[in-house]
Amino acid sequence: MRFLKITPVLLLLAVFLTSCSSVRVASDYDREADFNSYQTYAFFKPGIDKAEISDLDKKRILRAIESEMQAKGFTKSNNPDMLVSIFTKTNENINIYQNNMMGWGYGWGWHPWYWGSGYNTVNRTSEGTLYIDLIDAEEKELVWQGMGTAALAREVNKKQERINEIVQKILEKYPPGSEQ
């Protein structure tokens, strides 16, 4: 009987922990673009300035993008082939889990001193979506867009780590056809 009471709590905890660690990604691109011709990049300041996040988070995102671009063999340049811009959205998710187990108390069922219909658990998470736009610098046209959605870290010391993970997962999709 005790196992039946603990199982729903453990299940909710497992679902919560696995949902926090996942990053959902997608990408889209211009099929006419020659992605092999892009070797240098620069950040597109007007686009980045419009992102509605703190300057500290912008710095974290740009550091992560810079690291991933260098790992892919790109060089930062004052005369780039490609411009990098970002856009962000955030959502506050409120999840209410209702446990309809009867008789939480001193045993199972009805008791003269306690009768209950279970309990509710409320979970609040912030979920963010980061868009990374790659723009042909000469044509000033979007050639690739990656998007990643994930639960955000609340602790300052975990923010850079979480942002690095999100950016890395998004840029795994670049160039098109490079996904493993």
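Preceding this section is the structure that the text describes.
Quick caveat, the model's predicted, so the values are computed rather than measured.

S.K.: Help me get a handle on the overall build of the protein chain, residues and values and all.
M.R.: For the protein chain, the count of helices and strands is four helices and six strands. In sequence order, the protein chain lays out its α and β elements as α-β-β-α-α-β-β-β-β-α. Contacts in the protein chain between residues at least 24 apart in sequence constitute 72% of all its contacts with a sequence separation of at least 6. Total accessible area on the protein chain stands at roughly 11,700 Å², and carbon and sulfur atoms take up 53% of it.

S.K.: Can you lay out the nonpolar core for me, pointing to particular residues and giving the numbers?
M.R.: Judged by nonpolar contacts, the single largest core of 29 residues is most densely connected at Ile65, Ile132 and Tyr174. Listed by contribution, the elements that provide at least two residues to this core are strand S2 (40–43), helix H3 (55–71), strand S4 (82–99), strand S5 (119–136), strand S6 (141–151) and helix H4 (156–171). Setting aside chain neighbours within four positions, we find Tyr174 in contact with Phe35, Tyr38, Lys72, Phe74, Met82, Leu134 and Trp144.

S.K.: Quick rundown of H4? Include the residues and the values.
M.R.: In this model H4 runs 23 Å from its N-terminal to its C-terminal C-alpha over 16 residues, within 8% of the 22 Å that 1.5 Å per residue would give. Buried residues of H4: Arg162, Ile163, Ile166, Val167, Ile170 and Leu171, and no others. One side of H4 carries all its buried residues, which in axial view fall inside an arc of 160°. In H4, the exposed positions that point more than 90 degrees away from the buried face belong to Asn157 and Glu161.

Rules behind the numbers
Residues numbered from 1 in each chain as written. Predicted model: local features only at pLDDT ≥ 70, side-chain atom pairs only at ≥ 80, totals over all residues. Heavy atoms only, no water. Helix = DSSP H or I, 4+ residues; strand = E, 2+ residues; numbered from the N terminus. Contact = heavy atoms within 4.5 Å. Areas by Shrake-Rupley, 256 points an atom, 1.4 Å probe, with all protein chains shown as cover. Core = buried A, V, L, I, M, F, W, Y, C linked by side-chain atoms within 4.5 Å. Buried < 20%, exposed > 50% of the residue type's maximum accessible area, 1.4 Å probe, protein only. Expected span 1.5 Å × (residues − 1). Arc of directions from axis to C-beta.

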